[in-house]
Amino acid sequence: MSRRLKVLRIAPGASLQDRGRPGYLGQGLSRGGAADVQALLEGATLLGQAADCAAIEMAGMGGEFEAGADLRIALTGAPMRASIDGTALAWNASHTLARGARLVIGPALRGVYGYLHVGGGIDGDCVLGSRSAHVAAGVGQLLQAGDALALGPDPGGRVGMCFDADDRFGGGTVHVLRSMQTHLFEGEVLERFLGTAFRRDARANRMGVQLAFDGAPFRAEGQLDILSEVIVPGDIQMTGDGAPFVLMPECQTTGGYPRIATVLPADLPKVAQAPAGAPLNFRLLERAEGLARQRAWAEACAGLGRRLRPLLRDPHDIADLLTYQLVSGVVSATEGESGS
Amino acid sequence: MTTGRQNSYPRIAPVGLDGCIVSFGATLDERANRAALSFRAALDEARLEGVEETSTSLTSAFLRFDALATRAEALEEKLAELLASRDWYRAPLPPGRRLWRVPCVFGGALGPQLGEAAEAAGLGEAEAIDSLQAARLRVLTIGFAPGQPYLGQLPETWNIPRQRALSPRVPAGALVVAIRQLIVFSNATPTGWRHVGQTAWENFRLARDPAFVLRPGDEMQFEAVTPQALEAIRARNEDGLGGAQSEVIE
């Protein structure tokens, strides 16, 4: 019995991701890791396992998988159409995937990045402290049909649990903080930026998300003379054409375009999960409020275990429904009382 | 200490929720770069509570900290104290640096833009090679690609601009020049820098321990070899050092 998950089909852009490898910024290697780190944490909670387990990140579309042994799985992030041997599966939930069963995951119904977690974690090569692929840097590679993924040992646990996901799959308001070059964007420019209705452009990937909008380009003072400086995920760069570009976990470590603000880490999943065309607008927070919001997000993630509930099965899906004794001890209202 | 809003250096500014940058200048010069390297070394040695990693860019030192566990104001105070503790522009480079002498083929098919670059620098080709070979350059910063060094500064005559049109693909290990700096590429990449030479040096090699060998503040010098010599080096390049020798800089 082989504890592996076989990849039969997989859409382009899928890879193994965990929380990435922080600590190499000074060596030109950005931390990478799941584009939606919240979805990673949600899956780990569903399966009752460590937050640093690696999962399969699927970009826009899933694939087909076969279990080499009885497995526990969880599905989080952008909801995708999923089924096991033809039976539809709930998203944001944990399930059993029996040995030999086929799991099919289709296109995202909302959002961009869906995550398939397995009990025990996906046991890819640990390189520089992480199992995350960082294709831009030449670490690891995208998943391909035929891959037989080794899995970590699973001490076991519940399945059939779910939670109510938040609404981060259709864009919306994104909270930002000041960064080191915010002051280069004079008052009116920053105000206009905060008042602009952006939409996610077609161009987006694990390195960054381009935004589109109607209006004049955003310019910084001395734009062309800015020295190359450190970049962190969440930084909002103004590129040469004056349109904002939000840096994602696989971004470069330095860059010469000015940054107008930085997305609060708690809101970066919302940017990652905004599909093309989704509306995005920015709200600037002072540090104290940003910190409070980040703390609340961290606490909500940590407390998710308490908000799990059993998955209610649709009776229509229960194949052996007729064998259940749902009611017993029926009493006649008329018999045995007035001798009729 | 001055805040990010003012126009003087050195200064401290926040970077999002969990970062802090200490900048020593708006333009690249030797003293601002040295100040950044020296300050970062002192920061690492100080082991300030909550600091999770540090890095440098051309003229700044950056740190990332645990924003939920550490008060940014307290950290900025400690940074300000460290900043005020000495004139960082006069500080020496940190100890423990290495000089790497790296074999390099200049010009010809492996450095197809040497002629153009020499002309832009107002030098003959042979002069250009001599000038580049003689240069013992500092790793000013590492970035853009894993382990990729920006080396400088070359003499003023090498203040040549980047090309407007990008070369579509310059190979890994290529030596390229622009704006008084050299880069050795980590990966094949499109670029506006001129391709003047080729090495077998690998900035980043996963299977190697350590994966990264250069640190900002290290020095590199490129020694001309023939294409045949480079081939021979490639044939036994398990460590990815491309035949380079290193020594500790006192």
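The structure reproduced in this document is the subject of the present report.

Parameters and conventions
Residues numbered from 1 in each chain as written. Chains lettered and ligands numbered in written order. Predicted model: local features only at pLDDT ≥ 70, side-chain atom pairs only at ≥ 80, totals over all residues. Heavy atoms only, no water. Helix = DSSP H or I, 4+ residues; strand = E, 2+ residues; numbered from the N terminus. Buried < 20%, exposed > 50% of the residue type's maximum accessible area, 1.4 Å probe, protein only. Contact = heavy atoms within 4.5 Å. Lys, Arg positive; Asp, Glu negative; His and termini not counted. Charge placed at Lys NZ, Arg CZ, Asp CG, Glu CD. Rg over C-alpha atoms; globule rule 2.2 N^0.38 Å. Areas by Shrake-Rupley, 256 points an atom, 1.4 Å probe, with all protein chains shown as cover. Buried area = accessible area lost by both parts, 1.4 Å probe. Salt bridge = Lys/Arg side-chain N within 4 Å of Asp/Glu carboxyl O. Polar contact = N/O pair within 3.5 Å; in protein donor to acceptor, adjacent residues only side chain to side chain. Phe/Tyr/Trp six-rings, centres within 6.5 Å; stacked < 30°, edge-to-face > 60°. Disulfide = S-S within 2.5 Å. Axes fitted to C-alpha atoms, helices over the stretch in contact; angles between N-to-C directions. Parallel < 35°, antiparallel > 145°, perpendicular 65-115°, else oblique. Left-handed = near helix turned anticlockwise from the far one by under 90°. Nonpolar A, V, L, I, M, F, W, Y, C, P; charged D, E, K, R; others polar. Pairing = 2+ DSSP bridges.

Section: the overall build of chain A
Within chain A, the secondary structure is distributed over 4 helices and 22 strands. With the principal axes as the frame, chain A shows a C-alpha extent of 100 × 55 × 30 Å. Out of the 340 residues belonging to chain A, those deemed buried represent 52%. At a minimum sequence separation of 6, the contacts of chain A that also span at least 24 residues come to 77%. Side-chain charges of chain A comprise 32 positive and 36 negative groups, with the mean position of each set lying 2 Å from the other.

Some remarks on the overall build of chain B
Assigned secondary structure in chain B consists of 5 helices and 14 strands. For a compact globule of 250 residues, the expected C-alpha radius of gyration is about 18 Å, and chain B comes in at 19 Å, within 12% of that figure. Oriented by its inertia axes, the alpha-carbon framework of chain B measures out at about 60 × 40 × 35 Å. Put simply, chain B has 250 residues, and 57% of those count as buried. Sequence-distant contacts, at least 24 apart, represent 64% of the contacts inside chain B between residues at least 6 apart. Working note: accessible area of chain B is about 11,100 Å², and carbon and sulfur atoms make up 48% of it. One finds the centroid of the 26 positive side-chain charges in chain B at a distance of 2 Å from the centroid of its 30 negative side-chain charges.

So, the interface of chain B and chain A
Contacts between chain B and chain A engage 40 residues on the former and 36 residues on the latter. Here chain B meets chain A over a buried area of about 3,000 Å², counting both sides, of which 62% is carbon and sulfur. Counting across the chain B and chain A interface gives 0 salt bridges. Taken together, the connections running from chain B to chain A amount to 10 residue pairs in polar contact (both at pLDDT 80 or more).

Comments concerning the packing of aromatic side chains
Under the defined criterion, the tally for this structure stands at 14 aromatic pairs over all chains. Their ring planes at 65° and their centres at 5.2 Å tell us that W100 of chain B and W201 of chain B sit as a pair that is edge-to-face. On the criterion of sequence distance, the pair formed by W100 of chain B in strand β5 (residues 98-106) and W201 of chain B in the loop between β12 (194-198) and β13 (219-224) is long-range, its members being 101 residues apart. The residues W100 of chain B and W201 of chain B share a single accessibility class, namely buried. Within the aromatic cluster, the residues linked to one another by ring pairs are F193, F198, F213, F218 and F282 of chain A.

Structural notes on the environment of Q273 of chain A
Residues and elements named next belong to chain A. If you trace the backbone, Q273 turns up in the loop between α3 (268-272) and β21 (279-284). Of the residues examined, Q273 reaches a relative accessible area of 0% and is grouped as buried. Other than its neighbours up to four places away in sequence, Q273 contacts D36, G77, A78, G111, V112, Y113, Y115, R168 and F169. Polar contacts involving the side chain of Q273 include one to the main-chain amide nitrogen of Y113, which spans 2.8 Å.

Some details on the pattern of salt bridges
All names here are of chain A. What the rule picks out here adds up to 30 salt bridges over all chains. The partner of R178 in a salt bridge is E286, with the nearest N and O atoms 3.5 Å apart. Pair noted here: R178 is in the loop between β13 (172-177) and α2 (187-194) and E286 is in the loop between β21 and α4 (287-302), with a separation of 108 residues, a long-range link. Classification of R178 by relative accessible area gives partly exposed; the value is 28%. R203 serves as the salt-bridge partner of D201, at 2.8 Å between the closest nitrogen and oxygen.

Some thoughts on the state of the cysteines
Applying the stated criterion across every chain, the model contains 0 disulfides over all chains. No disulfide involves C251 of chain A; its nearest neighbouring cysteine sulfur is the one of C20 of chain B, lying 19 Å away.

Some words on the packing of helix α1 (residues 30-46) of chain B against helix α2 (residues 72-84) of chain B
Residue and element names in this part refer to chain B. Running from amino to carboxyl end, α1 crosses α2 at an angle of 125°, the nearest separation of the two axes being 11 Å. Viewed along their axes, α1 and α2 adopt a mutual orientation that is oblique. The two elements α1 and α2 meet at a crossing, and its hand is right-handed. Where α1 abuts α2, its residues F39, A42 and L43 lie against L79, L82 and L83. When its residues are assigned to classes, the contact of α1 with α2 shows 6 nonpolar, no polar and no charged.

Describing the environment of S15 of chain A
Residues and elements named next belong to chain A. Mapped onto the elements, S15 comes out in strand β2 (residues 15-17). A relative accessible area of 2% places S15 in the buried class. Residues S15 and L128 lie 113 residues apart in sequence; the distance between their C-alpha atoms is 17 Å. S15 has contacts with A55, I56, E57, A133, Q141, L142 and L143, leaving out every residue within four places of it along the chain.

Some thoughts on the pairing of strand β6 (residues 80-84) of chain A
All names here are of chain A. For β6, a buried count of 4 out of 5 residues is recorded, marking the element as mostly surrounded by other parts of the structure. Note: β6 against strand β9 (residues 102-108), 4 bridges, orientation antiparallel. Opposite S83, over in β9, you have V104 as the bridge partner. Pairing geometry for β6 and strand β7 (residues 87-88), over 2 bridges, is antiparallel. Residue pairing across strands places S83 opposite A88, the latter belonging to β7. Where β6 folds back on β7, the antiparallel hairpin that results is connected by 2 residues, among which D85 adopts a positive phi of roughly 45°.

Structural notes on the sheet that holds strand β17 (residues 235-238) of chain A
All names here are of chain A. If you trace the 7 strands once around the closed barrel, you get β13-β20-β17-β18-β15-β14-β21, paired in mixed fashion. Taking each pair of neighbouring strands and ignoring which way they run, the sheet shows an average axis angle of 40°. Sheet topology note: the β13/strand β20 (residues 259-263) ladder contains 2 bridges and is antiparallel. Residue V176 lies in a different strand from β20, and its bridge partner there is V263. Each of β14 (198-204), β17, β18 (244-247), β20 and β21 touches α2; the most contacted strand, β21, lies at about 135° to it.

Details of the pairing of strand β1 (residues 4-10) of chain A
Residues in a regular strand point their side chains to alternate faces of the sheet. All names here are of chain A. The sheet contact formed by β1 and strand β11 (residues 148-150) spans 3 bridges and is antiparallel. Along β11, the bridge assignment pairs L5 with L149. Looking at chain direction, β1 and strand β4 (residues 63-67) are connected through 5 bridges and run antiparallel. Note on β4: the bridge partner recorded for L5 is A67.

Concerning the sheet that holds β1 of chain A
The strand order across the open sheet built from 6 strands is β7-β6-β9-β4-β1-β11 (chain A), with neighbouring strands paired in antiparallel fashion. For this open sheet the edge positions go to β7 and β11 of chain A, each flanked by a neighbour on one side alone.

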